[in-house]
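Here's the letter readout for the chains.
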Amino acid sequence: MVQPQSCLKWELLFLSSTRNSTIFGRHWRGSKSSVIRKTFLEIYVVNDGSFRGVGQEEKREKFEKLLSEYANLPNWTVITGHPNEGKRRAQDRAFQLAKMACSYIYFVDSDCLPNKHIIRQFLAKMADGVMGVCGNMGVSNPAASWMTRLLVIRYMLGTSVERASESIFGYVWLVPGPASFYSTAFLEEVWEDYQNQRYKGKLCKNGDDLYLTNRCTQMGYPIAYNDQAVVTTNVPVTLSGYLIQQARWNRDKYRDCAMTLRSAYKAGWYPLLAGVNRMIFPFLFLITSVLCLVEWMVCGNTGSGLALALMILIRAMITYLAVRDIKGMSMATALHFTVMYGAIHTILLLPVKVWSLLTRGAGTWKR
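Model, not experiment: these values are computed from the prediction.

1. Regarding the environment of Ile 244
Piece 1. Within the secondary structure layout, Ile 244 lies in helix 8 (residues 239-255).
Piece 2. When its relative accessible area of 35% is taken as the criterion, Ile 244 is described as partly exposed.
Piece 3. For Ile 244 and Val 352, which are 108 residues apart along the polypeptide, the C-alpha to C-alpha distance reads 8.7 Å.

2. Points about the side chain of Gln 245
Piece 1. Mapped onto the elements of the fold, Gln 245 is located in helix 8.
Piece 2. Judged by its relative accessible area of 8%, Gln 245 is buried.
Piece 3. The residues touching Gln 245, leaving out its near neighbours within four places in the chain, are Tyr 155 and Pro 236.

3. Some words on helix 7 (residues 208-218)
Because an α-helix completes one turn every 3.6 residues, residues spaced three or four positions apart along the sequence face the same direction.
Piece 1. Taken across its 11 residues, helix 7 has 9 buried, putting it largely inside the fold.
Piece 2. Just beyond helix 7, the residue with positive phi is Gly 220, at close to 85°.

4. Thoughts on the packing of aromatic side chains
Piece 1. Under the counting rule described, the total for this entry stands at 16 aromatic pairs.
Piece 2. Summarising the aromatic geometry, the rings of Phe 122 and Phe 181 are spaced 5.0 Å apart at their centres and angled 10° between planes, so their arrangement reads as stacked. Of the two residues, Phe 122 sits in helix 4 (residues 118-123) while Phe 181 sits in strand 7 (residues 180-183), which places them 59 residues apart along the sequence.
Piece 3. Its relative accessible area of 0% is what places Phe 122 among the buried residues.
Piece 4. Looking at Phe 181, the relative accessible area reads 1%, which means it is buried.
Piece 5. With 6.1 Å between their ring centres and 85° between their planes, Phe 186 and Tyr 221 make a pair best called edge-to-face. Residue Phe 186 is located in helix 6 (residues 184-195), and its partner Tyr 221 is located in the loop between helix 7 and strand 10 (223-233); the two are separated by 35 residues in the primary sequence.
Piece 6. Its end group placed over the ring of Tyr 211, Arg 88 keeps NZ or CZ at 5.9 Å from the ring centre.
Piece 7. Sitting over the face of the ring of Trp 173, Arg 278 holds its NZ or CZ atom 4.6 Å from the ring centroid.

5. What about the pairing of strand 10?
Piece 1. Two strands pair when backbone bridges link them, and strand 5 (residues 112-114) and strand 10 are joined in this way by 3 bridges, in the antiparallel orientation. Paired with Cys 112 across the strands is Thr 233, a residue of strand 10.
Piece 2. Where strand 6 (residues 132-139) meets strand 10, 7 bridges bridge the pair, whose relative direction is parallel. Counted as the bridge partner of Asn 136 is Val 230 from strand 10.

6. Here we look at helix 3 (residues 87-98)
Piece 1. Between its first and last C-alpha, helix 3 extends 17 Å over 12 residues, near the 16 Å set by a 1.5 Å rise per residue.
Piece 2. Buried within helix 3 we find Lys 87, Arg 88, Ala 90, Gln 91, Ala 94, Phe 95 and Ala 98. Across the axial projection of helix 3, the buried residues extend over an arc of 160°, all falling on one side.

7. Focus on empty space enclosed by the protein
Piece 1. One pass over the full model with this rule turns up 3 cavities of 30 Å³ or more.
Piece 2. A volume near 50 Å³ is recorded for the second largest cavity.
Piece 3. Around the second largest cavity sit Lys 87, Gln 91, Phe 107, Val 175, Gly 177, Ser 180, Tyr 182, Tyr 194, Asp 208, Asp 209 and Leu 212, which together line it.
Piece 4. If you list the elements that add at least two residues to the lining of the second largest cavity, you get helix 3, strand 7 and helix 7.
Piece 5. Of the residues contributing to the lining of the second largest cavity, the split by class is 5 nonpolar, 3 polar and 3 charged.

8. Things to note about the pattern of salt bridges
Piece 1. Counted by the stated rule, this structure contains 8 salt bridges.
Piece 2. Of the charged contacts in the structure, one is a salt bridge between Asp 209 and Lys 87, with a shortest N-O distance of 3.8 Å. In this pair, Asp 209 is assigned in helix 7 and Lys 87 in helix 3, connecting sequence segments 122 residues apart.
Piece 3. Judged by its relative accessible area of 18%, Lys 87 falls in the buried class.
Piece 4. Here Glu 162 makes a salt bridge to Arg 154, at a shortest N to O gap of 3.4 Å.
Piece 5. Arg 154 sits in the partly exposed class, given a relative accessible area of 24%.

Conventions adopted
- Once a new chain begins, its residue numbering starts again from 1 and follows that chain's sequence as written.
- Whole-chain, interface and lining totals are the exception, using all residues; otherwise, since this is a predicted model, local features are given only for residues with pLDDT of at least 70 and side-chain atom pairs are given and counted only at 80 or more.
- Heavy atoms throughout the structure, all of them, feed into the side-chain values; hydrogens and water do not.
- Secondary structure follows DSSP: runs of H or I at least 4 residues long count as helices, runs of E at least 2 residues long count as strands, and numbering of each begins at the N terminus.
- Each residue is placed in one exposure class: buried if its accessible area under a 1.4 Å probe, protein chains only, is under 20% of its type's maximum, exposed if it is over 50%, and partly exposed if it falls in between.
- In this description, contact between two residues means that some pair of their heavy atoms is separated by no more than 4.5 Å.
- Classification of ring pairs rests on two measures: the distance between centres of Phe, Tyr or Trp rings, Trp counted by its six-membered ring, which must be within 6.5 Å, and the angle between planes, read as stacked under 30 degrees, edge-to-face over 60 and tilted in between.
- Look at NZ for Lys and CZ for Arg. If either is within 6 Å of the ring centre and within 35 degrees of the ring normal, a charge sits over the ring.
- At least two bridges found by DSSP between two strands is the condition for calling them paired.
- A helix is expected to span 1.5 Å for every residue after the first.
- The arc in question is the one traced by the directions running from the helix axis out to the C-beta atoms.
- Here the term cavity refers to a set of points on a 1 Å grid, laid over the protein atoms alone, in which a 1.4 Å probe fits but cannot get out; the term pocket refers to an open set having protein on both sides within 12 Å along at least five of seven lines, with lining residues being those that place an atom within 4 Å of a point.
- Grid points are joined across faces, edges and corners, and a volume is the space filled by probe spheres set on the points.
- For this classification, Asp, Glu, Lys and Arg are treated as charged, while Ala, Val, Leu, Ile, Met, Phe, Trp, Tyr, Cys and Pro are nonpolar and the rest, including Gly, are polar.
- Any Lys or Arg side-chain nitrogen found within 4 Å of a carboxyl oxygen on Asp or Glu counts as a salt bridge.

Written as structure tokens, this is what we have:
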């Protein structure tokens, strides 16, 4: 394990918003946040100015009072952005101030809590040639609802299985924002393009994590994954909230699909195969389902439908075995997840992905 040296400077960017002020205060006042108060850290708290809805002024005052508690701490800098300027513009305010003094940058959202040794765990993976490190995303509200209990397992699959297998090739499909650690040298190379990414002439406000991941791989830099660098984040507690989240994420995926597949191709055959599967499988499945239904209604032939059902069963079995292989997962829990999440994915998420493809140019956050 590489030990941080007192001569090194770090930058932690907290992208804070009024929606998360309560979580921000609870997380970073706790004993587990002691690591970010060490003298070798430079910490920048950036408010992206997202004051929305009823009681905006009350929210603003509450949040500014909270941030004032941190403004006077050694090595802390609190930056207030313009109203609703977006995450990338808020990041840029801190980056321009700190890029000359910081060797590495760790991005973290205000509703996320890293484990206390996460800086050392990220640093331990920064070997020669590595410009980015991906951490392990967990759930901070696992018992909030039946939806969050499902997402606990989905996040485990996404990190312990999917990202772990991709990282063998020095690649991950997506370095999630709250668990991303980059070399400042790499960020300086891509920062101007990152700030000015456009789609159909409009500045991109979403998809920042995917863009940085793709650029890192395209430039030939491997991305390391550390399963021990755990960051917990709040996840949607309702099915509707989850579908909204997935619509936003899938818009980014299909908007940048060409860039993503190019970076996957550069990483190796397995990342490319996984990328193509992510892109086209939902549409192949929907088209096949429609054709099987038409064949049954017109010709009365059920053979194709039975073949499709068999393929769904095989896919469900693969998911079940992957979940069952996660440490501490019981057979009953694995089966429950396979049935429940499989139904949500087949009935609801696949249509959401089609909608996301058709509206991939939309820059809205909530729809």
